[in-house]
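# Commentary on secondary and tertiary structure
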Amino acid sequence: LVQRTPKHKHARTFIAPVYNFAKRIMPKISDTERAALESGTIAFDKDLFSGDPSLKEICQKYKPVLTAEEQSFLNNEVEVLCEMLDGHQIDKDQNLSPKVWQYIRENKFMGMVIPKHFGGKGFGAHAHAKVVEKIAGRSLACAVTVMVPNSLGPGELLHHYGTPEQKAYYLPRLAHGIDIPCFGLTGPPNGSDAASMRDEGIVCVENGVLGMRITCNKRYITLAPVATVVGLAFRLSDPNKLLTKGKEGITVALLPTEKNQFAPNGLPGLKIGNRHDPLGAAFMNGTVQSESMFVPMSCVIGGEERTGFGWNMLMECLGEGRGISLPA
């Protein structure tokens, strides 16, 4: 800071007008940028940026330890899964065997982070990382298959933001492997940059039902070819001012591939296909597309009041995929 002394009088006289001028000409931050700045919490990064972090205190505070249940799962179910994996055959078939798929679903590998009261394993981040790490040592394709539902899938979003009805319906189905999820964010124009996304939804009313007409073109979506429920990120606009809650902006919806209570007429405009072959890997990967597809507002994660809240959801929850699963 510049001290109040005669020596710095001219400097302060110069700085204040320049600072005020810069404030006037600099563009204001957008709603998306503001949401990014306000998302999340402060953890050990606060200590790092303080300039005087204590490695000892950080290690004591965040000491990762597996519970007895987590260790047992790692030693037993994960070990059995690894023994079932034949890397050569997986690469040859470009798919996991039916027995492996069945074992993953029946033993709740896709529901590790879902709370126990919804039927999941309720594991912590350290256990999640150790399971993915061990499987990856045997088969990358299998590790990705297990990783996505526990990080980039909609389970985490539903747990934090879903309506009671959405949680009660979807979370047990995801935990028991009845539903296989994928998450549609990546697109040709923007990659995985949500702020530059061009997929759009327009609020409308059809047959007395408030909903959205969604047009999207997503690609490189892991598990899309076998998914039964698709988490979809898009930009929502409300030109006719039909929303009574929520707002315009990035929104996340959960789209079932079959009829259910949230989409009683189904979503016939939802197209999943054109399996990709990224890096010659055998995990499922493909496209998700729609053209002016009507989606009821009940499909938005959290309902109408969570419209326009998608950026916060992406920043606060899906970071687990990049911070835990991918390093593992």
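I will try to describe carefully the structure that is included in this document. The structure presented is a predicted model; accordingly, all values stated were derived computationally and were not measured. (Residues numbered from 1 in each chain as written. Predicted model: local features only at pLDDT ≥ 70, side-chain atom pairs only at ≥ 80, totals over all residues. Heavy atoms only, no water.)

Below, the discussion takes up the packing of aromatic side chains. Summed over the entire model, instances satisfying the criterion amount to seven aromatic pairs. When the centroid spacing of 6.0 Å and the interplanar angle of 45 degrees are considered together, the rings of Y103 and F109 count as tilted. Residues Y103 and F109 agree in their burial class; the two are buried. Ring geometry for Y169 versus F262: centroids 5.7 Å apart, planes at 75 degrees, classification edge-to-face. Remark: F262 occurs in the loop between β5 (249-256) and β6 (271-273) and Y169 occurs in helix α12 (residues 164-175); sequence separation between them is 93 residues. Residue classification places Y169 among the partly exposed positions, given a relative accessible area of 22%. One aromatic cluster is present, formed by F73, Y103, F109 and F123 through successive ring pairs. (Phe/Tyr/Trp six-rings, centres within 6.5 Å; stacked < 30°, edge-to-face > 60°. Buried < 20%, exposed > 50% of the residue type's maximum accessible area, 1.4 Å probe, protein only. Helix = DSSP H or I, 4+ residues; strand = E, 2+ residues; numbered from the N terminus.)

This part takes up helix α9 (residues 125-136). The terminal C-alpha atoms of α9, which comprises 12 residues, lie 16 Å apart, in line with the 16 Å expected from a rise of 1.5 Å per residue. Listed as buried for α9 are A127, H128, A129, V131, V132 and I135. (Expected span 1.5 Å × (residues − 1).)

Structurally, the position occupied by N285 is in strand β7 (residues 285-296). For N285, a relative accessible area of 3% translates into the label buried. Within the structure, the side chain of N285 is placed 3.3 Å from the side chain of T222, a separation counted as a polar contact. Excluding residues that lie within four positions of it along the chain, N285 makes contacts with Y220, I221, T222, L223, P225, N274, R275, H276 and P278. (Polar contact = N/O pair within 3.5 Å; in protein donor to acceptor, adjacent residues only side chain to side chain. Contact = heavy atoms within 4.5 Å.)

Running from N to C, helix α5 (residues 68-75) and α9 point in directions that differ by 5 degrees, and their axes come no closer than 10 Å. Classified by the angle their axes make, α5 and α9 are roughly parallel. Listed contacts from α9 to E70, F73 and L74 of α5 are A127, K130, V131 and K134. The residue makeup of the contact of α5 with α9, split by class, is four nonpolar, no polar and three charged. (Axes fitted to C-alpha atoms, helices over the stretch in contact; angles between N-to-C directions. Parallel < 35°, antiparallel > 145°, perpendicular 65-115°, else oblique. Nonpolar A, V, L, I, M, F, W, Y, C, P; charged D, E, K, R; others polar.)

Glancing now at the environment of V144. Summarising the element assignment, V144 is placed in helix α10 (residues 140-147). Here the alpha-carbon distance between V144 and N20, two residues 124 residues apart in the chain, equals 51 Å. Apart from residues no more than four positions distant in its own chain, V144 is found in contact with T222 and F283.

This part covers the layout of surface pockets. As a volume, the largest pocket reaches approximately 500 Å³. Surrounding the largest pocket, 23 residues form its lining, M147, L152, Y220, T222 and L326 being those nearest its centre. Elements with a minimum of two residues in the lining of the largest pocket: α9, α10, β3 (209-222) and α14 (319-325). Among the elements that make up the lining of the largest pocket, the one with the highest residue count is α10 (four residues). (1 Å grid on protein atoms, 1.4 Å probe; cavity = no way out; pocket = protein on both sides within 12 Å on 5 of 7 lines; lining within 4 Å. Points joined across faces, edges and corners; volume = space filled by probe spheres on them.)

Turning to the packing of α9 against α10, a few remarks are in order. The packing of two helices is summarised by the inter-axis angle and the distance between the axes. Orientation of α9 relative to α10, taken along the N-to-C sense of each, is 155 degrees, at an axis distance of 7 Å. Relative to α10, the element α9 lies roughly antiparallel. Here V132, I135 and A136 of α9 lie close against α10, whose contacting residues are L140, C142, A143, V146 and M147.

Here the focus is the pattern of salt bridges. Scanning the model with the defined rule gives six salt bridges in all. The residue E69 makes a salt bridge to K116 at a minimum N-O spacing of 2.6 Å. Taken together, the residues span a long stretch of sequence, with E69 in helix α5 and K116 in the loop between α8 (98-106) and α9 at a distance of 47 residues. Residue classification places E69 among the partly exposed positions, given a relative accessible area of 35%. Measuring nitrogen to oxygen at the nearest pair gives 2.8 Å for the salt bridge that ties D179 to R173. On the accessibility criterion, D179 (5% relative accessible area) is buried. (Salt bridge = Lys/Arg side-chain N within 4 Å of Asp/Glu carboxyl O.)

On to the side chain of Q166, then. If you trace the backbone, Q166 turns up in helix α12. One polar contact links the side chain of Q166 to the main-chain carbonyl oxygen of V300, over a distance of 2.8 Å.

Before going further, it helps to spend a moment on the pairing of strand β2 (residues 200-206). Where β2 and β3 come together, seven bridges link them in antiparallel fashion. Across the sheet, residue I202 finds its bridge partner in β3, namely R213. Where β2 hands over to β3, the hairpin turn is made up of two residues, of which N207 adopts a positive phi near 55 degrees. (Pairing = 2+ DSSP bridges.)

Bringing the pairing of β7 into the picture now. Most of β7 is tucked away: nine of the 12 residues are buried. Where β6 meets β7, three bridges bridge the pair, whose relative direction is antiparallel. Directly across from G273, in β7, lies its bridge partner T287.

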